[in-house]
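For reference, the chains in residue letters:
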Amino acid sequence: MLTTNTKIMSAAIAGGYAVGAFNISNLETLWAITEAAVEENSPAIVGVTPSAIKYGGLRHLAEIVKVSAESISQPMSLHLDHGKDLETVRDCIDVGFTSVMIDASHLKFEENMALTKEVVSLAHSRGVSVEAELGRLVGIEEGVVEEREAFFTNPEEAEEFVQRTDIDALAIAIGTAHGPYKSRIEPKLDFTRLKAIKDRIKDTLIVLHGASSVPPWIIEKATKYGAELSGAKGIPEVQITKAISLGVSKINIDTDLRLAFTGAVREALATSPKAYDPRSFLNQARDTMKEVVKGKMRLFGSSSRAT
Ligand code: G3H
Ligand code: 13P
Ligand code: ZN
């Protein structure tokens, strides 16, 4: 059933769990998420980024997600991830996205707020949920931990931001990062900051980006069949569950699915030299991603929560 992020996340907050937002740019990944949602009886958020749109085409991607969502009874939303401008947001709403993110976190506070307000006014008039970002996710290339903390979300600014923009959900920076190389040392999320943000923004929903755990079994499989991923490190699962207990209700996952897909394809091609039908190895990629998504649904507590 196609629905909005706000409906999915409000139910999650009330039920004390979080929902995974899984990014797609192809059919196999969407099927993995859809089958996992059905088998786990879990809600799911399907994310599409501007670069996924460039790769797969806006209408093509929107239509396949809508077909999936409408063919299952579990709540599923179609969400623009990291939208950068009003034009992209408008195009996505026009083809049926039920939720949009405007990521103006690279802009100055007032500019971020001004663009976010424009998105809220457009999206809310069309019944579409809005997520915005304050603070910036920075990876290991951006310096040592103390330097990266300068980019973390400021709780007082967060309060002002949500009050003045009327967004539905806020993506925060508390120590996660995009991609498979999140930290040289064991990542440690700033839970004190998360608590302070939650206290100040109250009912505004909280989103954690860059939350892949980069599980060793995926890295081992990919590496065994030729991948070079040394130094890959994700967010430990216990820290994800702690973040959920402190009020995070949407958790973005892309890297773990990419790694699972690539590892499975590498293995299938290496072990079946005569394979030439792409379906034979894409099926294995789909099954491996499905297992990853199901694991996330159990970890986030969204399994059996579809209503
Ligand atoms: O934050 C989102 C992604 O993990 C990066 O996605 O390569 O489709 O822009 P992208
Ligand atoms: P990961 O790179 O940790 O999977 O994060 C994905 C994300 O935040 C997409 O918006
Ligand atoms: Zn993200």
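Definitions and limits used
- Residues numbered from 1 in each chain as written.
- Chains lettered and ligands numbered in written order.
- Predicted model: local features only at pLDDT ≥ 70, side-chain atom pairs only at ≥ 80, totals over all residues.
- Heavy atoms only, no water.
- Near = heavy atom within 4 Å.
- Polar contact = N/O pair within 3.5 Å; in protein donor to acceptor, adjacent residues only side chain to side chain.
- Areas by Shrake-Rupley, 256 points an atom, 1.4 Å probe, with all protein chains shown as cover.
- Nonpolar A, V, L, I, M, F, W, Y, C, P; charged D, E, K, R; others polar.
- Pairing = 2+ DSSP bridges.
- Helix = DSSP H or I, 4+ residues; strand = E, 2+ residues; numbered from the N terminus.
- Axes fitted to C-alpha atoms, helices over the stretch in contact; angles between N-to-C directions.
- Contact = heavy atoms within 4.5 Å.

*Asks:* Outline the site of ligand 1, supporting the account with residue identities and numerical values.
*Replies:* All residues in the neighbourhood of ligand 1 are listed as Asn 23, Thr 49, Ser 51, Asp 81, His 82, His 178, Asp 254 and Arg 258. Residue His 178 places a side-chain N or O atom 3.1 Å away from an oxygen atom belonging to ligand 1. Here Arg 258 contributes a side-chain N or O atom positioned 3.0 Å from an oxygen atom of ligand 1. When isolated, ligand 1 has an accessible area of 310 Å², and the protein chains bury 69% of it. Partitioning the shell around ligand 1 into residue classes produces no nonpolar, five polar and three charged.

*Asks:* Let's hear about the sheet that holds strand S6 (residues 169–172): which residues, and what values?
*Replies:* As a general point, the strands of a sheet are linked pairwise by backbone hydrogen bonds and lie either parallel or antiparallel. One closed barrel holds the eight strands; their spatial order is S1-S2-S3-S4-S5-S6-S7-S8, and the pairing between them is parallel. On average, adjacent strands in this sheet sit at an angle of 25° to one another, irrespective of strand direction. The pairing of S6 with strand S7 (residues 205–208) spans four bridges and is parallel. If you follow Ala 169 over to S7, its bridge partner there is Leu 205. On the sheet, helix H13 (residues 278–300) packs against strand S1 (19–23), strand S2 (44–48) and strand S8 (248–253) and is oriented at approximately 155° with respect to S1.

*Asks:* I'd like a description of the site of ligand 2, backed by residues and values.
*Replies:* Near ligand 2, the surroundings consist of 15 residues, among which Asp 81, Lys 182, Ser 212, Asp 254 and Thr 255 are the closest. In the environment of ligand 2, an oxygen atom lies 2.8 Å from a nitrogen or oxygen atom belonging to the backbone of Gly 179. Residue Lys 182 places a side-chain N or O atom 2.6 Å away from an oxygen atom belonging to ligand 2. For the shell around ligand 2, the secondary structure elements donating two or more residues are strand S3 (76–83) and S8. Within the shell around ligand 2, the residues separate by chemical class into three nonpolar, nine polar and three charged.

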